[in-house]
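Structural description and commentary
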Amino acid sequence: MREIYFDNAATTRVRPEVISLMDEVMGVNYGNPSSRHILGVRAENYVKTAAQQIAQSLKVKPGEIVFTSGGTEGNNMALIGTALARKGYGRHIISTNIEHAAVYKPLEFLESMGYEISIVGTDNKGHVDIDALKSMIRPDTILVSVMWVNNEMGAIEDIPAIGKLIKEINPRTYFHTDAIQAYGKLTLRPKEANVDMLTVSSHKIQGPKGAGFIYINEKAHVSPIILGGGQQKDMRSGTDNVPGIAGTGLAAELYRKEHADIEKKMLEVKDRLIDRLSELEGVTINSERGALSAPHVVSASFAGVRAEVLLHALEERGIYVSSGSACSSNHPAISGTLKAIGVKQELLDSTIRFSFGIYNEPEEADICAETIAELLPQLRRFWRH
């Protein structure tokens, strides 16, 4: 049975080149980059190389890259670190109603600590209401956080326009974007977009799990939230995860070189799947086509079928999809994003996310749609309203 992996927004298969490099780091050049002997110097060179590779992909400086354990830590660093560093300027923070838990959970924590959190809404395709955002920015607004690409819908936010607006109204307000679903799929230029902080997770780009990075503009003042030996210029203490960092750097470099071909291929799979699913009765496509939606995500609702039931039926056929954000899988709940964009109540528990990667082929979209067409009549017979 052929395996079709359409859950790349949850995680991706690590590239062979990345595995080979990480194996070399772990087995041969295994030194601590803080050590002054030759093994330490070699380890430090892997870290420097990775910073240069990532910086080149974003057109920023290597010194503006801080390595983390992934997107969650990066988002916590951006939000809590900014709140701690800038509380003298104010305690007001703005975000959206479609953010990942790695953003809204730290915001809930900050709210419990006395910070004021304002939430801006979106339209029915997940795009931020920029006029509403404009009215929320105040002299005491220290931070705005808006994800670049929504992890469930694939909606692309107009980050350059938002960044320009923020700086025009209050130049002292920092702008953070969770770019975990955007990096490697879109061309990101944080400096041009007035972005002060940008977070990325390695395992979304064919890199290792437990690794990632945050870009912090050299002019931004962010307090560290992990204290200790002062590694990474005191921004993130702890022995560097050199294999993970090296793997992340190489994954970023490969994506930078292959970006155009990767995006074209993902779009072909996406459009093919939307076309085929749109032919089926009782199927609603929640994601957009074109420049306002990421090339690797399709959200679709299937009337008369629970998402989890369809997910497992597809799994039995070797097709792997998601019923929402994988990071929330241990705490099943109706998606806040789907509610925010106005998905009908009866479809909230009937929505599947399909997400594509570098190893997917267009014909897999045909196989997936044909399989769903076979399954839907059977599964709808057991629907309980």
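Structure: see above.
Below or above, wherever it landed, is the structure these notes cover. (Residues numbered from 1 in each chain as written. Predicted model: local features only at pLDDT ≥ 70, side-chain atom pairs only at ≥ 80, totals over all residues. Heavy atoms only, no water.)

**Quick notes on the environment of Leu-165**
With respect to the secondary-structure elements, Leu-165 resides in helix H6 (residues 159-169). Leu-165 sits in the buried class, given a relative accessible area of 10%. Excluding residues that lie within four positions of it along the chain, Leu-165 makes contacts with Ile-130, Leu-133 and Lys-134. (Helix = DSSP H or I, 4+ residues; strand = E, 2+ residues; numbered from the N terminus. Buried < 20%, exposed > 50% of the residue type's maximum accessible area, 1.4 Å probe, protein only. Contact = heavy atoms within 4.5 Å.)

**Observations regarding the packing of helix H7 (residues 242-278) against helix H10 (residues 362-380)**
Two numbers describe how H7 lies on H10: the axes approach to 8 Å, and their chain directions differ by 25 degrees. With respect to H10, the element H7 is oriented roughly parallel. The element H7 and its partner H10 pack so that their crossing is right-handed. Seen from H7, the contacting residues are Glu-268, Val-269, Arg-272, Leu-273, Arg-276 and Leu-277; seen from H10, they are Pro-362, Glu-363, Ala-365, Asp-366, Cys-368, Ala-369, Glu-370 and Ile-372. Of the residues assigned to the contact of H7 with H10, the class counts are 8 nonpolar, no polar and 6 charged. (Axes fitted to C-alpha atoms, helices over the stretch in contact; angles between N-to-C directions. Parallel < 35°, antiparallel > 145°, perpendicular 65-115°, else oblique. Left-handed = near helix turned anticlockwise from the far one by under 90°. Nonpolar A, V, L, I, M, F, W, Y, C, P; charged D, E, K, R; others polar.)

**Things to note about the nonpolar core**
Counting 54 residues, the largest nonpolar core has Leu-58, Ile-65, Phe-67, Trp-148, Tyr-183, Leu-188 and Leu-198 as its most contacted members. Of all the secondary-structure elements, those providing two or more residues to this core are helix H1 (16-27), helix H2 (38-58), strand E2 (65-68), H6, strand E7 (197-201), strand E8 (212-216) and H7. Of the residues forming this core, the biggest block, 10 residues, is contributed by H7. Residues in contact with Phe-67, not counting those within four places in the same chain, are Val-47, Ala-50, Ala-51, Ile-54, Gly-212, Phe-213, Gln-232, Arg-236 and Ile-245. With 30 residues, the next largest nonpolar core counts Phe-302, Leu-314, Phe-354 and Ala-365 among its residues. (Core = buried A, V, L, I, M, F, W, Y, C linked by side-chain atoms within 4.5 Å.)

**Side note on unusual backbone geometry**
Backbone geometry at Gln-206 places phi at a positive 65 degrees, although glycine is not the residue there. Position of Gln-206 among the secondary structure elements: in the loop between E7 and E8. One non-glycine residue, Lys-233, adopts positive backbone phi at about 55 degrees. Structurally, Lys-233 is set in the loop between E8 and H7.

**Focus: the pattern of salt bridges**
Summed over the entire model, instances satisfying the criterion amount to 23 salt bridges. Lys-257 is the partner of Glu-253 in a salt bridge, and the nearest nitrogen-oxygen pair spans 3.4 Å. One end of the pair, Glu-253, and the other, Lys-257, are both in helix H7, 4 residues apart, so they sit about a helical turn from each other. Of the residues examined, Glu-253 reaches a relative accessible area of 11% and is grouped as buried. (Salt bridge = Lys/Arg side-chain N within 4 Å of Asp/Glu carboxyl O.)

**Notes on the sheet that holds strand E3 (residues 92-96)**
Reading across the sheet, the 7 strands line up as E2-E8-E7-E6-E5-E3-E4 and stay open at both edges, with mixed pairing between neighbours. In this open sheet, the two strands that pair with only one neighbour each are E2 and strand E4 (116-120). The sheet shows a mean angle of 20 degrees between the axes of neighbouring strands, direction not considered. Both strand E6 (residues 174-178) and E7 contribute to a ladder of 3 bridges, which runs parallel. By the bridge assignment for E7, Asp-178 is matched with Thr-199. Where H6 meets the sheet, it contacts strand E5 (141-145) and E6, and its direction lies at approximately 160 degrees from that of E6. (Pairing = 2+ DSSP bridges.)

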